[in-house]
Amino acid sequence: QETKSVVDQTFFMTFVPNVQFAPIYVALEKDYLSNAGLNVTIEHGDENVGVDLIATNQRQFGLISGEEVLKARAQGRPVVSVYEWFQRYPVGIVYPLGQGIESPADLAGRKVGIPGRFGASYNGLIALLNANNLTEQDIQLEAIGFNAADVFCVGGVQASVVYINNEPLQIQNRIEQGECQGYSGVGVFSVADYADMVSNGLVTNEETIANNPALVQAMLTAWDLGLKDSIQNPAEAYLMASAYVENLPMTDDFRSALEAAASSQAIFLEEASPDRADIAASRQQLLSDLENQFDAEILVQFRVLLNTIDLWDADQRGVATLESWEATAAVLRSMEVLTGDIDVSGAFSNAFLPE
Amino acid sequence: MAQEKPLTSAISYTVAKPVPSWHLGLVLRRFVPWITVLVVLIVWQAITMLQLIQPFLIPAPGDVLNEAILVLQNGTLWVHIQATMGPVFAGLGVGISLAVALGYCIARFPLLEDILSPLIIALQSTPVVAYAPLLVIWFGSGPNSKIITSALIVFFPMLLNTVAGLRNVPPGLRDLMRSLRATPWQTFTRLEVPAAMPVLMSGLKISATLAVIGAVVGEFISANAGLGFLINLARSQYDTPLVFVAVLTLTVLARLLYSLAAWLEYRALYWQRHGRYLPK
Amino acid sequence: MAQEKPLTSAISYTVAKPVPSWHLGLVLRRFVPWITVLVVLIVWQAITMLQLIQPFLIPAPGDVLNEAILVLQNGTLWVHIQATMGPVFAGLGVGISLAVALGYCIARFPLLEDILSPLIIALQSTPVVAYAPLLVIWFGSGPNSKIITSALIVFFPMLLNTVAGLRNVPPGLRDLMRSLRATPWQTFTRLEVPAAMPVLMSGLKISATLAVIGAVVGEFISANAGLGFLINLARSQYDTPLVFVAVLTLTVLARLLYSLAAWLEYRALYWQRHGRYLPK
Amino acid sequence: MSIIFGAQDATVDYSVDGWGHLPALGPVSFQIEAGQFVCLVGPSGCGKSTLVRLLAGLQAPSAGLVTINNEPITQPSVQVGLMSQEANLMPWRSVIENIALPLELAGMSSSERGHAVNSILPRLGLEEFGNAFPGELSGGMAQRVALGRVLVASPDALLLDEPFGALDAMTRERMGMDLLALWTDLRPTVLMVTHSISEAVLLADRVLILSPRPGRIIADLHIDLLRPRQLSDTHSLRFGELARQVRERIQQS
Amino acid sequence: MSIIFGAQDATVDYSVDGWGHLPALGPVSFQIEAGQFVCLVGPSGCGKSTLVRLLAGLQAPSAGLVTINNEPITQPSVQVGLMSQEANLMPWRSVIENIALPLELAGMSSSERGHAVNSILPRLGLEEFGNAFPGELSGGMAQRVALGRVLVASPDALLLDEPFGALDAMTRERMGMDLLALWTDLRPTVLMVTHSISEAVLLADRVLILSPRPGRIIADLHIDLLRPRQLSDTHSLRFGELARQVRERIQQS
Ligand SMILES: Nc1ncnc2c1ncn2[C@@H]1O[C@H](COP(=O)(O)OP(=O)(O)OP(=O)(O)O)[C@@H](O)[C@H]1O
Ligand SMILES: Nc1ncnc2c1ncn2[C@@H]1O[C@H](COP(=O)(O)OP(=O)(O)OP(=O)(O)O)[C@@H](O)[C@H]1O
Ligand SMILES: [Mg+2]
Ligand SMILES: [Mg+2]
């Protein structure tokens, strides 16, 4: 093998290290990146800042929401989504069971929490409301910051816009401990069930696409492998993520259980060549096995990972459709966030998808 | 005569000069800040014209102006200004009154400082995000949370400056008031407040701008209106000109508040402009 | 003898009392802040035991303690403390030196105040998020951005207190230095600094805690380590005990910094403890 | 209304950092009768101001007792007017406002205050300077303002710590005679610190002489010049004799 | 090294807010020869301190000219030592450090400074108080520290604004004679403001008498007492005659 020169890359991600970023950690741990001659460091920060970093070519890659790409392009930032990371839009509305909320229409007149009137949760909410012939004025929208679980459980709001892979779990946990308004359970209206919107994707800029397509290709290939491995072997992904995400729940027992699960899953994948459904079933099986051995506290972040995998899993990873981009743009236009014409097809590309 | 220039300022006490003060000069001085603003505008224009920084990071002044006119005409800006400034004034009022009251008690009963300092410093140094959930739960996303964040940030500098000011009251004057059997209230209003005024006024000027920051921080945590909200909104839409409009509006408002404080200081320290202050 | 209690404190100048000071009392006073801490802990425990507030909002002290022991033992906490405190000290250093230097120039050349005040107030009142992209682009997500946010927040109060302090220098002493042909540097070190010390020290105490806030704000915008980062991390995992550990660590660090500043003040104002300060 | 000052073995030690105790005054014992005019003289630093502060109730003795009307002094009294060695004017108040301070604190109405102050300003030679601020006054003018401030309230006793120290000889004499006239009218008890022997002899019923630090009373001279006294009395033989006595006693200390 | 002070029609008007101009001094014209000892007397508020500030270079005249060695005064000079009416001690410095200030500013080494200050402390009667802080001093002690601070640098000219105002008669006489001895040794040019006529006559070669505000020179008396002078000279006939002259001139003003 020829010795390639190593390329240093800083990869931008939002928020803080989190188990939801497991595929990134898997790609790093399994040397998918270094084998491709990429020396990648991860940087976390504010999403808008990240977009500007990529737009100015200070960074070449980042994990950014699709609607951010559209809005940023509308304001002259040459960013392009090249790999759709989430296949389902991760936002939804969590509501308590048995409190008279059966369908989104029942939200009318109720107090609904939201981090703020911006970002993916707001866009998702509007899409969901639009799809149900509601408007923002029909509900009492309350800006509560990223405190949904807390505010919801003290009854500050009757429903809340959340990331469906995370907050409902936290709330469920509290319900089980009897710390949540005496609710018996929660349900979720998932935006993805009502509207096909693009969500997080790997984003680069036009300059890199034009001048260094090989780099884009190499990067995507490595991330895709990480994503694939995470979907197929969540126990392994969780273990690898624990090296990057501080404070991820972990005990010696849990670790050895995961290690055992990871290696048996590897054998299963090798020998049974299972299809998507088989693998999904194996994940369910693993979860119920673990639930028998460990209490909910320890499992919570692992369940977040499994929930997130459901958002990733697809027949063809990374692919984006013009329809979903158009749908997203339509929602943004209805909110008057996007005005005027924008060439939606320029916002994304499937050209670099690995085989 | 080339006298050595004394270290003075318009607001400070000056060596009474036997030469008439050049009043035209004073008038001209009023324009100096505007010259700075002008220079900044020119530099800004130059940066955007020479394309030194991408326009989506720093938009052209003209674009910002257009945006400003737009939001001024449709009334949006005014709504957000009101949503921010209400809590700013309330926060200033609450923060300053509490700080001065507590500062007085602390200067008077040093033991109180020992008792309260752990709490006060905890309050001061705890990042707002840490108690954001409590704020939102207890006070909602209306103006109350903003008033509290604003009052909190104002409180500490004002408290310390109150204590520093009160402790600097000349003991000779304190003895005078004691010998005249002044009541604590008389001592407070006739001696302590005027004597601490220079430091109190410095605290007021600090507070004036901090209060704005505090309210904006409150708006970042949860709000439905206000300039901080507008910044977040514009940022989420990558509408840099609107970000600039909101930020510049904040700057102007802070500057106005500061000028108000500086004017109060000028009025309150009138006596420093009379002759030299030589404690005799 | 029931003398009227003078308005003084341990740190301020006191009427020299002809009675020996009760040294045991001074020793006991050291424990007072700890009593407050104890009371807070008891109240906290009571709140959680009586379930007045949901434990996920305010966890039990025991849980927080366990969490603290954990992160102390595995060294995580220490890493984050270092990541925060480095920039805090650097920011304090940078912010204070710049503020004192500029404050000196402003007090000396009032025109400078007119020229710079629009810029300074703009800098002070512009929310960090507004220029966060520029910060990260220019200084990266390492400690530099944090140092800058920290220095920025420290700068303004320190600047105003420097100016207030310098303008309060007794003109008689200024004349003395002039008549002795003291150089500007001599006047600065021998007169202006000591005379402005009470107000400077008040500024230092304000700065000490503000610097911590500044660094944490910087970490909220972009960082890979530090206590602000840890708070965000713990919040993202809904790990309230860890949030509390991080917040309490910040509180303790801020308190330590404040105590350091207060100690410096105590040392710097040694002369206030000698007799009454009567300008004679 | 009349005030009797007393001291029994009153002593003041100052505690000085890293030095121990500094004996500043006493023990001193004396009694000043109601309406008596007493002058206190003694070398610089002997404790005169300290004694005045004791009687003003600003400070407690380390040992012994100071009394007003045979009651221990625990706090300042409104009946006692104190003029301390420093003028202690409030720099943010005009001359008029500084003089009016005691009246203001006593709750007197603004117009009454204006009246009282305006009637005293000419006696102080400050007619033109009522609206000036302390920073605009000369040293002697500041001292006269401080004197005006203590006289305006017509207290029953006056404690005056070097009230004329910064005045020229003529103004000093005039103000001294003014004070004497006021005393003759109202008969307050007066304790006045002065460095001028002739002033002490001219004004006082008694001159107390303190030794160097720690000040003790080394002489208590009765001044038997007839009253009312005039400036010209200073040329009398008896005056010369008394002044010589005071001077000698001081020199012996 | 010798210093000649001069003034030609020097005038000072203070501008007072909402009042217009306050004539404070002059016009005054005079010349003080090198090594001359001149005393300045005049009523309170007549502009003595203002004149001293002019000669010290702290302030410029509104009109006219003040000179040192026939050069206009544009700034303070190190050769001229100023003791102003207020002690102006730095409260954060001990007595020793306050006195050493001029030497420190001149760059003298710490040990030399210590030597110089320690040799002057006993003359000031402050041996025991070298480490005290200004807040711990009596009024007269503070004044003596201020005097020490100006003398320690042995300047070629001394501007003394009521240097002995807060001292008792004996200390005052002793310090005056001390000053005279020092002057005899080093022959600095001295301008001293005093309110004591006998002090002026005892010490000075010339006594300048100012009128009430705005101060003009109404008399310039030559004091022809033989030198060296002693305290006992005050009993001489010529002394009495001169003192009477000064007093008369003042009273005529
Ligand atoms: N606050 C204080 N702390 C320590 N020592 C003090 C204090 N005040 C005065 N002293 C000391 O007490 C002694 C007497 O001081 P006091 O002011 O009473 O003297 P005095 O007789 O008024 O002198 P003068 O005539 O110079 O004013 C002095 O030696 C002085 O140093
Ligand atoms: N800074 C000032 N501003 C305005 N007026 C002043 C100022 N300084 C002094 N004056 C006025 O100038 C006049 C002369 O003052 P100056 O201090 O020279 O008097 P003096 O002769 O030293 O009096 P004293 O013997 O009382 O010290 C006074 O009427 C005073 O009110
Ligand atoms: Mg005294
Ligand atoms: Mg004077």
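Use the structure listed above.
**Q** Now, about the site of ligand 1: what can you tell me, with residues and values included?
**A** Around ligand 1 lies a shell of 25 residues, among which Lys48, Ser49 and Thr50 of chain D together with Glu136 and Ser138 of chain E are the nearest. Near ligand 1, the surrounding residues belong to chains C, D and E. Cys46 of chain D is positioned with one of its backbone polar atoms (N or O) 3.2 Å from an oxygen atom of ligand 1. Burial of ligand 1 by the protein chains amounts to 98% of its free accessible area of 630 Å². For the shell around ligand 1, the elements supplying multiple residues, two or more each, are strand S2 (20-32) and helix H1 (48-56) of chain D together with helix H4 (139-151) of chain E. For the shell around ligand 1, the residue count by class is eight nonpolar, twelve polar and five charged.

**Q** Run through the coordination of the magnesium ion (ligand 4), naming residues and quoting values.
**A** Each pair of donors in an ideal four-coordinate tetrahedral metal site encloses 109.5 degrees, whereas pairs in an ideal six-coordinate octahedral site enclose 90 or 180 degrees. All names here are of chain E. Taken together, the protein donors to the magnesium ion (ligand 4) comprise Ser49 (OG) and Gln85 (OE1), at separations of 1.9 to 2.1 Å. In this pair, Ser49 is assigned in helix H1 (residues 48-55) and Gln85 in the loop between strand S6 (80-83) and helix H2 (95-105), connecting sequence segments 36 residues apart. For Ser49, a relative accessible area of 23% gives the class partly exposed.

**Q** Which residues make up the interface of chain D and chain B, and what are the values?
**A** You'll often see interface size given as the accessible area lost when the parts meet. Taken residue by residue, the interface counts 30 residues in chain D and 22 residues in chain B. A buried area of about 2,400 Å², summed over both sides, lies between chain D and chain B, and 61% of it is on carbon and sulfur atoms. Counting the surface chain D buries against chain B, the share from its top three residues, Pro91, Trp92 and Leu105 of chain D, is 29%. Applying the counting rule to chain D against chain B returns two salt bridges. For the salt bridge of Asp175 of chain B with Arg53 of chain D, the shortest nitrogen-to-oxygen distance reads 2.6 Å.

**Q** Just give me the short version of the pattern of salt bridges, but keep the residues and values in it.
**A** All names here are of chain A. In the structure shown here, the tally under the stated rule is 44 salt bridges over all chains. Note that Arg77 is salt-bridged to Asp52, the shortest N-O span being 2.5 Å. With a gap of 25 residues between them, Arg77 in the loop between helix H4 (66-74) and strand S4 (79-84) and Asp52 in helix H3 (residues 47-55) connect regions that are remote in the sequence. With a relative accessible area of 3%, Arg77 lands in the buried category.

**Q** An account of the pairing of strand S8 (residues 159-163) of chain A is requested, with residue identities and associated values reported.
**A** Residue and element names in this part refer to chain A. Burial of S8 is extensive: four of the five residues sit out of reach of the surface. In this structure, strand S6 (residues 111-114) lies alongside S8, joined through two bridges in parallel fashion. Each residue of the ladder has a partner; that of Gly113, found in S8, is Ser160.

**Q** A description of the state of the cysteines should follow, citing residues and the corresponding values.
**A** Applying the stated criterion to the full structure yields one disulfide over all chains. Two residues share a disulfide in this structure: Cys153 of chain A and Cys180 of chain A, whose sulfurs sit 2.1 Å from each other. Its S-S torsion of about -90° marks the bond between Cys153 of chain A and Cys180 of chain A as left-handed, since a negative value means left-handed. In this pair, Cys153 of chain A is assigned in helix H6 (residues 148-153) and Cys180 of chain A in the loop between helix H7 (167-176) and strand S9 (186-190), connecting sequence segments 27 residues apart. Judged by relative accessible area, which is 1%, Cys180 of chain A ranks as buried. This cysteine, Cys39 of chain D, is not joined by any disulfide, and Cys46 of chain D carries the nearest cysteine sulfur, 14 Å off.

**Q** Any details on unusual backbone geometry? Residues and values, ideally.
**A** The omega torsion across Arg227 of chain D and Pro228 of chain D is -5°, close enough to zero to call that bond cis. Summarising the element assignment, Pro228 of chain D is placed in the loop between strand S10 (217-222) and helix H7 (237-252). Of note, the bond from Arg213 of chain E into Pro214 of chain E is cis; its omega dihedral lies within 30 degrees of zero at -10°. Position of Pro214 of chain E among the secondary structure elements: in the loop between strand S9 (206-210) and strand S10 (217-222). Here the phi dihedral of Asp9 of chain E falls at roughly 50°; this positive angle occurs in a residue that is not glycine. Within the secondary structure, Asp9 of chain E sits in strand S1 (residues 5-16). Here Asn69 of chain E, not a glycine, exhibits a phi torsion of approximately 50°, which is positive. Among the secondary structure elements, Asn69 of chain E is positioned in the loop between strand S4 (63-68) and strand S5 (71-72).

What counts, and at which threshold
- Residues numbered from 1 in each chain as written.
- Chains lettered and ligands numbered in written order.
- Predicted model: local features only at pLDDT ≥ 70, side-chain atom pairs only at ≥ 80, totals over all residues.
- Heavy atoms only, no water.
- Near = heavy atom within 4 Å.
- Polar contact = N/O pair within 3.5 Å; in protein donor to acceptor, adjacent residues only side chain to side chain.
- Areas by Shrake-Rupley, 256 points an atom, 1.4 Å probe, with all protein chains shown as cover.
- Helix = DSSP H or I, 4+ residues; strand = E, 2+ residues; numbered from the N terminus.
- Nonpolar A, V, L, I, M, F, W, Y, C, P; charged D, E, K, R; others polar.
- Donors = N, O, S within 2.8 Å, 3.2 Å for Na, K, Ca; no water.
- Buried < 20%, exposed > 50% of the residue type's maximum accessible area, 1.4 Å probe, protein only.
- Contact = heavy atoms within 4.5 Å.
- Buried area = accessible area lost by both parts, 1.4 Å probe.
- Salt bridge = Lys/Arg side-chain N within 4 Å of Asp/Glu carboxyl O.
- Pairing = 2+ DSSP bridges.
- Disulfide = S-S within 2.5 Å.

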